[in-house]
Amino acid sequence: MKRLKVLTVFFMLILFALPALADKQIFIPHLTDGNNHWEDFLTIDNTGLDPAEVVITLYDIDGSQVYQGHHSVGSLGETLIDVRELSGVASSGMIEIPEGGYIHCRVSLESSAGGVAEFMLEGKHSSKLAFLYSEFAGVTVWKGLTVTNYGNVGGEITLMAYGNGKLLGTSEPQEIAPHGKLLGVPDQWFPGIDSHKVKKIIVLSSIDTLGGVAIAGDVSMTRLLFTAAVNLEQFTSPPEKGITGIWKGTWRSNSGGSGEMLMHMTQRDNQIVGSGNYYDTICGDVNNVVISGSVSGDRLTINSSYWCGKYLAIITSSGTRNGDLIKGNYSIEASGANYYDSGVLNLTRSE
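Draft legend 1. Unusual backbone geometry, seen in detail. Positive phi, normally seen in glycine, also occurs at D269, with a value near 55 degrees. Tracing the backbone through its elements, the reader meets D269 in the loop between β20 (258-268) and β21 (271-281). The residue D280 is not glycine, and still its phi comes out positive at about 65 degrees. Turning to its location among the elements, D280 is positioned in strand β21. When its relative accessible area of 52% is taken as the criterion, D280 is described as exposed.

Draft legend 2. Quick peek at the sheet that holds strand β16 (residues 210-217). Taken together, four strands build an open sheet; the order of strands is β14-β10-β16-β17 and the sheet is antiparallel. The open sheet has two edge strands with one neighbour each: β14 (181-184) and β17 (224-228). Each neighbouring strand pair of the sheet contributes to a mean axis angle of 15 degrees, computed without reference to strand direction. Where strand β10 (residues 142-149) and β16 come together, eight bridges link them in antiparallel fashion. Note on β16: the bridge partner recorded for T148 is G211.

Draft legend 3. Expanded view of the sheet that holds strand β1 (residues 25-28). Read from one edge of the open sheet, four strands run β1-β6-β3-β4, paired in antiparallel fashion. Of all strands in the sheet, those bounded by a partner on one side alone are β1 and β4 (65-73). The sheet shows a mean angle of 20 degrees between the axes of neighbouring strands, direction not considered. One ladder, built from four bridges, connects β1 with strand β6 (residues 92-96); its direction is antiparallel. If you follow I28 over to β6, its bridge partner there is G93.

Draft legend 4. Structural detail: the environment of I26. Note on placement: I26 falls in strand β1. Judged by its relative accessible area of 11%, I26 falls in the buried class. Separated by 45 residues in the primary sequence, I26 and H71 place their C-alpha atoms 14 Å from one another. In this structure I26 touches G93, M94, I95, I97, C105, L121, E122 and G123, once residues within four positions along its chain are discounted.

Draft legend 5. Here's a closer look at the state of the cysteines. Per the counting criterion, the structure on display carries one disulfide. Each sulfur of the disulfide joining C283 and C308 lies 1.3 Å from the other. Note on the C283 and C308 pair: the S-S dihedral is about -90 degrees, so by sign convention the disulfide is left-handed. Of the two residues, C283 sits in the loop between β21 and β22 (284-296) while C308 sits in strand β23 (residues 299-308), which places them 25 residues apart along the sequence. The class for C283 is partly exposed, based on a relative accessible area of 25%. The exposure class of C308 is partly exposed, given its relative accessible area of 23%.

Rules and cut-offs
Residues numbered from 1 in each chain as written. Predicted model: local features only at pLDDT ≥ 70, side-chain atom pairs only at ≥ 80, totals over all residues. Heavy atoms only, no water. Helix = DSSP H or I, 4+ residues; strand = E, 2+ residues; numbered from the N terminus. Buried < 20%, exposed > 50% of the residue type's maximum accessible area, 1.4 Å probe, protein only. Pairing = 2+ DSSP bridges. Axes fitted to C-alpha atoms, helices over the stretch in contact; angles between N-to-C directions. Contact = heavy atoms within 4.5 Å. Disulfide = S-S within 2.5 Å.

What follows is the structure, given as structure tokens:
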């Protein structure tokens, strides 16, 4: 009897240790949150000979459950469900299908302008996702994505934008609630980066219950492209290059002048050494200026000086690096000539 109790406790522990997400759960990564310009539909197809019943659970964008109900589908039949009749604020959801059944689920999103997107639903989830974008003239005018947490535990996610094999930017960590959803466009997480240069966005998290959809379309919403996020089981972030590299960019004076810059920089621990070329300055093109500076996290300072005629011009600049972008401010002082100027600079890593 004692042995039976021990075995019972053992099997109960195994039961409670099982993952919260079962094999027969199908996930809905994106619904349109009650936006009046959209309609949402679910299609439940049965390719089996026996009638079946599914359970649909819907959540709002913050992760609160807003609907749960049973729905039947006949032998070799299909059931079309208007999501707005179940909940006016549904943002994501889950469909539980019977064990051994032949059930297939689709979500269809239709804009009031006439654009329609439809994709199959899966039971996959991951801690690493890739959102992949294609460029079609006149169609891919804007890009977006939705990341959905299918699990009962919240967490943080980090987004990384890539284009032509280069890391363009990394977001600050973003909170995502249990059953919650993060929805947005690249500008929200990567300000200053041209979204047309973003070919993929990779999402990393400590929680493995994530799914999502890459979204793109034209201005009128008449042509849409929705693509399910790809699960990345083996993705490894490339090593951080720091500041080392060749940087090209522009400077713009608060007084109205502007020009280009070319910087060769090497990072050694928290120090920066290298050289720079400044074009179209008040002293013309100034080449091979020795630079030095320091790095602390994503903040950096760069100092240099050069002779402008008989006067020494001292440049002090500071900025913030986000992946392969540096944005900052500079000031130039030539005390002997009673000259002072300041402005902004923008640099992009080219190599």
